[in-house]
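Each chain, written out:
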Amino acid sequence: MKVTFPHMGHMWICLKAMLQYLGVEVVVPPSCSKKTLTLGTKHAPEFACMPLKLNLGNFMEAYELGADTIIMAGGCGPCRFGYYAYSENEILKDLKYNFNLIVLEPPEKHFSEFLIKIKQITGNRSWYQVIKGIRFGFLKAKAVDEIERLSFKIRPRELVAGSTDMAFQQALAEIDRAKTPQELIINIEQAKNIMSSIEIDQIKPVLKVGIVGEIYTLLEPFSNQNIERLLGKLGVEVDRSIYLSEWINDHLFMGLIKKMSNREETCRAARPFLNHFVGGHGEETIGSTVLYSEKGYDGVIQLLPFTCMPEIVAQSILPKVSEKLGIAVMTLIVDEQSGEAGLLTRLEAFVDLIAQKKKQKEALA
Amino acid sequence: MKGYLGVDVGSVSTNIVFIDEQGDVKETIYLRTCGQPIVTVQKGLKELAQRLPENTVVRGVGTTGSGRHLAGVVIGADTIKNEITTHAVAASYLVPGVQTILEIGGQDSKIIILRNNVVSDFAMNTVCAAGTGSFLDQQASRLNIAIEDFGPISLKAKAPVRIAGRCAVFAESDMIHKQQMGCALPDILAGLCEALVRNYLNNVGKGKEILEPVVFQGGVAANVGMKKAFEDAIGVSVQIPPYFNVMGAVGAAVLAKDAVKKSVPTRFKGFAVADINYHASSFECSGCANCCEVVEINENEETIARWGDRCGKWSNALAKKEKIS
Ligand code: SF4
């Protein structure tokens with residue numbers, strides 16, 4: 001069995017760690033690229049959203065590298081994502097790709113449901129081993145998130161253009177390299193050292209923008225045209241409303257690990273504007289916008305793939321949130337486009353706008 | 001004479017304006033970009049140099065538009081700004097106190113909301129360009145009328161026909177059906193204007209509070225049919241400022257004036273830029289599966305700028321030298 005999975009940002013690092021730790025052979029598909037998207041759009045229905053197209057491309061590229069089993073997340077609720085694993089599998093079957101499909105449905109009641117699924121893949125490993133493997137993967141997810149957060153802080157302040165990008169790649173490779181939890185501790189230190197060696201301007205004033213929206217588009221830089229990097233270069237410190245480790249904790253561990261920012265808290269913040277589940281991350285989008293405004297962020301950018309229903313609901317509510325709380329909000333819809341000029345124009349204009357607003361506020365204070 | 005240059009390099013047109021020390025617009029040049037931004041800018045500069053008195057001193061230059069970075073490195077800009085900011089600057093400069101800007105250009109349409117002379121919100125067309133100048137151009141040529149006649153003809157409408165405005169494809173096929181039903185041309189044109197305005201207000205102006213004074217600018221503002229459709233739809237009068245079709249360039253010039261205020265010397269390379277040999281070349285990077293198309297701008301034999309790479313490998317290598325924003 002050679003297992004593969006779709007790319008979603010840096011998720012591959014933690015999935016690969018977990019599976020390899022449990023002795024499963026893994027094929028990591030090549031990073032999402034134009035080729036991935038071209039493959040996906042060729043075979044996916046035109047009206048499907050971009051995440052499906054990229055997933056499909058990932059699987060096809062992984063198949064070429066010998067993968068025979070897909071692990072894919074499932075879902076429930078108003079968003080069509082729940083069907084994705086199955087539709088993707090049907091499309092692949094039609095194309096004569098022979099894959100086994102294992103769908104990790106979010107557990108309905110208890111974490112143990114998730115454990116049982118993992119055990120299907122790992123066969124005769126003991127429960128203890130399985131839990132240790134999952135923990136290892138989770139530790140990596142946390143480490144990656146930590147490094148990424150550092151990069152968000154450093155990039156707008158870097159003295160040499162591009163130095164953060166380079167260091168970040170090296171730091172990720174460090175984390176990927178660790179084979180055991182013991183090794184990981186050392187490699188995390190190493191990764192942090194790499195990040196802290198970037199020369200920065202300590203006193204440079206920066207703007208702060210929170211990025212909210214649909215999870216895949218938030219986590220996969222290829223799908224959002226590297227928005228975090230572009231903003232960083234414009235002198236903006238970004239934060240993202242969803243990090244992988246938090247998502248894992250919320251949806252797979254069912255909030256088992258306390259002390260992490262979680263879904264419930266975010267949804268509570270959304271209450272005055274939206275008080276029921278609309279699928280996907282619609283509620284989180286509203287809630288996170290409220291929270292960013294409370295934390296004094298200068299602006300919020302919402303990201304969504306074209307036709308994403310939950311986010312369209314959120315999009316229609318955001319103007320009210322923006323008006324009530326006085327925080328600038330901009331929505332960006334992504335699809336197959338790869339031209340950067342249009343995106344950059346909107347980002348620059350948004351940054352100009354929040355910079356002016358900030359100046360005005362400071363002049364009044 | 002001393003003054004400032006504003007250069008707006010868009011996908012359809014390239015505009016250059018010259019403003020004097022008092023900020024009055026002295027010259028405007030409007031050229032078709034025709035997919036050759038560098039050559040067009042050079043041509044425009046040459047023309048401008050001929051029009052201006054011989055002893056003219058350019059004290060600052062600003063660029064804007066989708067080709068702003070390209071134009072910026074080629075002519076040596078003191079400020080490079082996106083078209084939303086420059087349009088807002090120009091409108092509030094020419095129409096003091098403006099609170100709403102409706103702008104429809106070739107490829108993009110946008111709405112800008114100002115309060116107390118500061119941009120407080122904006123939006124651009126997101127996924128479709130149904131309500132833009134190019135679409136109007138296309139329809140005019142399909143109906144075999146000059147774009148200049150479009151507006152005046154549409155004003156003769158007795159009963160505008162309802163056209164589906166959701167997207168360009170729907171609009172076009174709906175128009176064809178209505179033509180075949182025998183509807184009069186003025187009624188169809190007026191209906192199209194109404195459809196585009198509806199599309200604009202639903203997609204771009206969505207949820208924004210339109211307060212007076214309202215300014216309508218961009219190339220499409222020349223179309224009186226569109227002006228009327230806007231006024232009918234929002235129920236307030238709409239002003240078209242002077243220089244409505246070169247607002248980006250005006251804004252860029254005003255910003256250039258600001259940028260060099262603190263007596264920084266201009267980076268402008270002089271009108272001789274028109275004679276320098278620039279060429280843009282591109283290559284496909286083979287570093288990863290993205291196969292980015294990297295564009296290089298060469299001045300004589302030296303590479304002065306690069307972009308198009310997703311990872312920053314190529315652009316970062318040059319960016320170290322200087323950073324302009
Ligand atoms: S929520 Fe997002 S991932 Fe889900 S179907 Fe909609 S667009 Fe696709």
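Provided above is the structure to which this section pertains.
Q: Just checking my understanding: could you explain unusual backbone geometry for this structure?
A: Only a minority of non-glycine residues have a phi that is not negative, and only a minority of peptide bonds are not trans. Residue Pro213(B) follows Glu212(B) across a cis peptide bond; omega there is -10°. Positive phi is not limited to glycine here, since Thr307(A) has a value of about 80°. Within the secondary structure layout, Thr307(A) lies in the loop between strand 7 (299-305) and helix 14 (309-325). Classification of Thr307(A) by relative accessible area gives partly exposed; the value is 31%. Residue Tyr243(B) is not a glycine yet carries a positive backbone phi of 60°. The residue Tyr243(B) is located in the loop between strand 10 (238-239) and helix 9 (247-259) in this model.

Q: Just checking my understanding: could you explain the side chain of His7(A) for this structure?
A: Residues and elements named next belong to chain A. Tracing the backbone through its elements, the reader meets His7 in the loop between strand 1 (2-4) and helix 1 (11-21). Look at His7 and you get buried, because its relative accessible area is 4%. A polar atom in the side chain of His7 sits 2.6 Å from the backbone oxygen of Pro29. Separated by 3.4 Å, the side chain of His7 and the backbone oxygen of Pro30 make a polar contact. Discounting chain neighbours no more than four positions away, the residues touching His7 are Trp12, Val28, Pro29, Pro30, Ser31, Cys32, Asn58, Tyr216 and Glu220.

Q: Explanation requested: the site of the ligand in the structure shown.
A: Within the structure, the ligand sits among Cys49(A), Cys79(A), Arg80(A), Phe81(A), Tyr84(A), Glu214(A), Pro305(A), Cys308(A) and Pro310(A). For the shell around the ligand, a count of residues per class yields seven nonpolar, no polar and two charged.

Q: Looking at this model, I keep getting lost on the nonpolar core. Mind explaining?
A: Within the largest apolar cluster, 86 residues are counted, with the highest numbers of intra-cluster contacts made by Leu19(A), Leu231(A), Leu244(A), Ile248(A), Ile301(A) and Leu347(A). Tallying contributions element by element places helix 15 (residues 341-364) of chain A first for this core, with eight residues. The contacts of Leu244(A), once residues within four sequence positions are left out, are Met8(A), Met11(A), Cys14(A), Ala141(A), Asp145(A) and Leu219(A). Judged by nonpolar contacts, the second largest core, of 34 residues, contains Ile113(B), Leu136(B), Val161(B) and Met226(B).

Q: How should the pairing of strand 12 (residues 293-299) of chain B be read in this particular structure?
A: Every regular strand shows the same layout, with side chains that alternate between the two sheet faces. Residues and elements named next belong to chain B. Burial analysis of strand 12 places five of its seven residues in the buried class, the great majority of the element. Both strand 11 (residues 278-284) and strand 12 contribute to a ladder of seven bridges, which runs antiparallel. Among the inter-strand pairings, Ser282 is bridged to a residue of strand 12, identified as Val295. Note: strand 12 against strand 13 (residues 302-307), five bridges, orientation antiparallel. Note on strand 13: the bridge partner recorded for Val295 is Trp307.

Each value, and the rule that gives it
- Residue numbering note: each chain is counted from 1, following its sequence as written.
- Chains carry letters from A onward and ligands carry numbers from 1 onward, assigned in written order.
- Totals for whole chains, interfaces and linings use all residues, but because this is a predicted model, local features are given only for residues with pLDDT of at least 70 and pairs of side-chain atoms are given and counted only at 80 or more.
- The side-chain values count all of the structure's non-hydrogen atoms but skip hydrogen atoms and water molecules.
- Helix and strand definitions here come from DSSP, where helices need a minimum of 4 consecutive H or I residues and strands a minimum of 2 consecutive E residues; each element is numbered from the N-terminal end.
- Burial status follows relative accessibility: with a 1.4 Å probe on protein chains alone, a residue under 20% of its type maximum counts as buried, one over 50% as exposed, and anything between as partly exposed.
- Polar contact criterion, stated in full: a pair of N or O atoms within 3.5 Å, where within protein one must be able to donate a hydrogen and the other to accept it, and residues adjacent in sequence count only if both atoms are side-chain atoms.
- Contact criterion: two residues are considered in contact whenever any of their non-hydrogen atoms come within 4.5 Å of each other.
- If even one non-hydrogen atom of a residue comes within 4 Å of a molecule or strand, that residue is called near it.
- Any residue outside Ala, Val, Leu, Ile, Met, Phe, Trp, Tyr, Cys, Pro, Asp, Glu, Lys and Arg is labelled polar, Gly included; the first ten of those are nonpolar and the last four are charged.
- Residues grouped as a nonpolar core are buried Ala, Val, Leu, Ile, Met, Phe, Trp, Tyr and Cys residues, joined through side-chain atoms within 4.5 Å.
- The pairing criterion is simple: DSSP has to find at least two bridges between the two strands.

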